[in-house]
Amino acid sequence: MRRVLINAVEGVCGNNCVWCYKNKLAPQPFLPYEDIVAFLNNNSGEIDDILFMGVGESLDHPDFLKIVREIASRGIQLPQFNTSLLPAQRYLEPEMIEAILHFNNVNIEAGALSKTGKTLNMGRDSMWSFKSNLRNLCKAAEDKKIRITVKIILNKNNYKDFAERLPNWKAAFPMVNFTTQPLQVFDEDYFKYIVHEPDPKRARDEFIAANFDEHFPFIESNCTRKEYDEFRHTFNGAWFIGVDGFLYTCQNMAQMKLEEYKLGHIRYTKLKDVVNTDKFRLITTRMKNCCATPLCSKYCPI
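Computed from a predicted structure; not experimentally measured. (Residues numbered from 1 in each chain as written. Predicted model: local features only at pLDDT ≥ 70, side-chain atom pairs only at ≥ 80, totals over all residues. Heavy atoms only, no water.)

Help me out: how do you make sense of the pattern of salt bridges in this one?
When the charged atoms of two side chains with opposite charge come close together, those side chains can pair. Across all of its chains, the model carries 13 salt bridges by this definition. With a shortest N-O distance of 2.8 Å, Glu70 and Arg74 are connected by a salt bridge. The buried category is assigned to Glu70, whose relative accessible area is 19%. Exposure remark for Arg74: the relative accessible area of 32% places this residue in the partly exposed category. Each of Arg2, Glu46 and Asp48 takes part in one network of salt bridges that share partners. (Salt bridge = Lys/Arg side-chain N within 4 Å of Asp/Glu carboxyl O. Buried < 20%, exposed > 50% of the residue type's maximum accessible area, 1.4 Å probe, protein only.)

Would you mind going over the sheet that holds strand β1 (residues 3–6) with me for this structure?
Taken together, 4 strands build an open sheet; the order of strands is β2-β1-β9-β10 and the sheet is mixed. Here the strands that pair on one side only, and so sit at the sheet edges, are β2 (49–52) and β10 (247–248). Pairing of strand β9 (residues 239–241) with β10 involves 2 bridges; the strand directions are antiparallel. Residue pairing for β10: Phe240 is matched across the bridge by Tyr248. (Pairing = 2+ DSSP bridges. Helix = DSSP H or I, 4+ residues; strand = E, 2+ residues; numbered from the N terminus.)

Is there a simple way to think about the packing of aromatic side chains in this case?
Any pair of aromatic rings gets described here by the distance separating the centres and the angle formed by the planes. In total, this model carries 11 aromatic pairs according to the counting rule given. Clustering of aromatic rings is evident, with ring pairs tying together Phe52, Phe64, Phe81 and Phe103. If you follow Lys66 out to its NZ or CZ, it ends over the ring of Tyr33, 4.3 Å from the centre. Geometry around Phe246 places Lys262 over its ring, the cationic atom sitting 4.4 Å from the centre. (Phe/Tyr/Trp six-rings, centres within 6.5 Å; stacked < 30°, edge-to-face > 60°. Lys NZ or Arg CZ within 6 Å of the ring centre and 35° of its normal.)

This is the structure in C-alpha cells:
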C-alpha cells in the first residue's frame, strides 16, 4: 500500500476542543492547492490512498473541496476522514458536506468543548448546531456507502450530560455509530516537543486537573494492543506531507518540521526518486532504531 498523509492545515479550527492542542500552536499558512496538484502530477500512478492529518481542521482549508475533487478524479482512494468541525457553532456549508462525501469513512469527534481556555459542556447553541449538521450530513449520505462514526470525548464536565443524551441520539441517527472515550492525555514529552511547553510537567498536570476529578478520575494507561495495531496499520510505510510543503517519512517529523529530515518540497519531488537517495536510507534506518526524534520510541509504529 502506498499511502500519503497530508497536513494541509495547522493551528486553524472553528472549535476550541479541550482534547486538541491546536490553541497551543501558532496558525500556519495553508498548504497551497497548487502544490498538492504538482505533487499528484509528479507522482501519477504512485499513490494508492490519501489521508488528512495534523493539529487543525482540514475543512477550514479554503480549497479543501478542490483538493478532494482533484484527488478523487485521479482514482486515488480517500478511505477515512477525521473531523471535529461538526460541533462548532457554525453552519456546515454544502461545500464542506460535498467534500466529506468523497470519503469512505467519516469519524467525528465531539464532546468536550472549550471557550477562552475554560472547559465547558457542549452548550445549547453548540448542541443544536451539532445535531443540525449531523442531520444534514446523514441526509446527504443516505444513498452513499459511507460509514459515519461519532466519537464522544468525555471529561468531568460532560460525562453526565452525554449519558442522558446518547440514547436519544442513537434513536434519532440510526445510520451513525456512536462511541465514547475518555479524554486522551499525552505524556510530558508530547507537551515538550510537540506543544512546546517550557514546563511540560506543569502543563500536563494542569490539563489533567481541568478535565478530571474524583467523580471522573484520570487513569494513567498505555495504548491498548488494538489501538497500537490500528496506528501501525495507518502510518507504517506511509509518506507524510507537512503544512510547510515538505515530504517526510514520519508524522512527528512533519509536525516538528525537522530540517534534517526533509526529503524535498512536494512541488518538485518524485517518490520513486526519493527512495533511492542516501538521505532516505539514513532516515529510515534511524526510524527503525527509534532514534530519529525524542518521541520515536513512544509513538513510532515501525
